[in-house]
Amino acid sequence: QLRLVESGGGSVQAGGSLRLTCAAPRTITSVFNMYTMNWYRQAPGKQRELVASISSSRSSTYTDSVKGRFTISRDNSNKKVYLQMNSLKPEDAAVYYCNARSDSSGDAVWGQGTQVTVSS
């Protein structure tokens, strides 16, 4: 497995919730706890943006548009990261990508992306 493994994408109504899951590949499993985990998204015609980030010390940050609605978390025992998305809006529709960046080397690993669709 060369990429992060993502799941949980789908279609929801505006105001609904969705939880994305990202699992670390075998390549970085042993050092997962020293990686900063990130969720990016990219909508058609728009630049990819960083949505949420959680450090190895579990300090998290969010882009302004999702504050109060999204929550990023990590499970270091099971080598997974989550993005809980509540009160979803049509503007949240995008392909969401999981990213892992080594705190020491800066090397990055990406997921294949998962589609999130929000209808009015």
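Further up the page is the structure itself.
To start, this report covers the structure provided alongside it. It should be emphasised that the depicted structure is a prediction, and the values quoted were computed from it without experimental measurement.

1. Concerning the side chain of lysine 79
Note on placement: lysine 79 falls in the loop between strand S7 (70–75) and strand S8 (80–85). Of the buried charged residues, lysine 79 lacks a salt bridge, with aspartate 75 as the closest side chain of opposite charge at 8.0 Å. Among the polar contacts made by the side chain of lysine 79, one reaches the side chain of asparagine 33 at a distance of 3.5 Å. Leave out the neighbours within four places in its chain, and lysine 79 touches Cys22, Ala23, Ala24, Thr29, Phe32 and Asn33.

2. Focus on the environment of aspartate 103
Along the chain, the position of aspartate 103 falls in the loop between strand S9 (94–102) and strand S10 (108–110). Owing to a relative accessible area of 36%, aspartate 103 belongs among the partly exposed residues under this scheme. A C-alpha to C-alpha distance of 5.4 Å links aspartate 103 and tyrosine 35, two positions 68 residues apart in sequence. Here aspartate 103 is in contact with Met34, Tyr35, Thr36 and Ser56, once residues within four sequence places are set aside.

3. As for the environment of isoleucine 72
Residue placement: isoleucine 72 occurs in strand S7. Separated by 13 residues in sequence, isoleucine 72 and methionine 85 place their C-alpha atoms 8.8 Å apart. Contacts of isoleucine 72, omitting those with residues within four sequence positions, involve Met37, Trp39, Ala52, Ser53, Ile54, Ser60, Tyr62, Val81, Tyr82 and Leu83.

4. Details of the packing of aromatic side chains
Scanning the model with the defined rule gives one aromatic pair in all. Ring centres of tyrosine 40 and tryptophan 110 lie 5.0 Å apart, and the angle between their planes is 45°; on these two criteria the pair is classed as tilted. With tyrosine 40 in strand S4 (residues 35–42) and tryptophan 110 in strand S10, this pair connects stretches of sequence that are 70 residues apart. The lysine or arginine in question, arginine 48, covers the ring of tyrosine 97, its NZ or CZ lying 5.3 Å from the ring centre.

5. Description of the pattern of salt bridges
Applying the stated criterion across every chain, the model contains four salt bridges. The shortest N-O distance in the salt bridge between aspartate 64 and lysine 67 comes to 2.9 Å. Across the pair aspartate 92 and arginine 69 runs a salt bridge, and its minimum N-O distance is 2.7 Å. Of this pair, aspartate 92 sits in the loop between S8 and S9 while arginine 69 sits in the loop between strand S6 (60–62) and S7, and the two are 23 residues apart along the sequence. A relative accessible area of 9% means that arginine 69 is categorised as buried. The network of salt bridges with shared partners includes Arg41, Glu49, Arg69 and Asp92.

Conventions adopted
- Residues numbered from 1 in each chain as written.
- Predicted model: local features only at pLDDT ≥ 70, side-chain atom pairs only at ≥ 80, totals over all residues.
- Heavy atoms only, no water.
- Helix = DSSP H or I, 4+ residues; strand = E, 2+ residues; numbered from the N terminus.
- Buried < 20%, exposed > 50% of the residue type's maximum accessible area, 1.4 Å probe, protein only.
- Lys, Arg positive; Asp, Glu negative; His and termini not counted.
- Salt bridge = Lys/Arg side-chain N within 4 Å of Asp/Glu carboxyl O.
- Polar contact = N/O pair within 3.5 Å; in protein donor to acceptor, adjacent residues only side chain to side chain.
- Contact = heavy atoms within 4.5 Å.
- Phe/Tyr/Trp six-rings, centres within 6.5 Å; stacked < 30°, edge-to-face > 60°.
- Lys NZ or Arg CZ within 6 Å of the ring centre and 35° of its normal.

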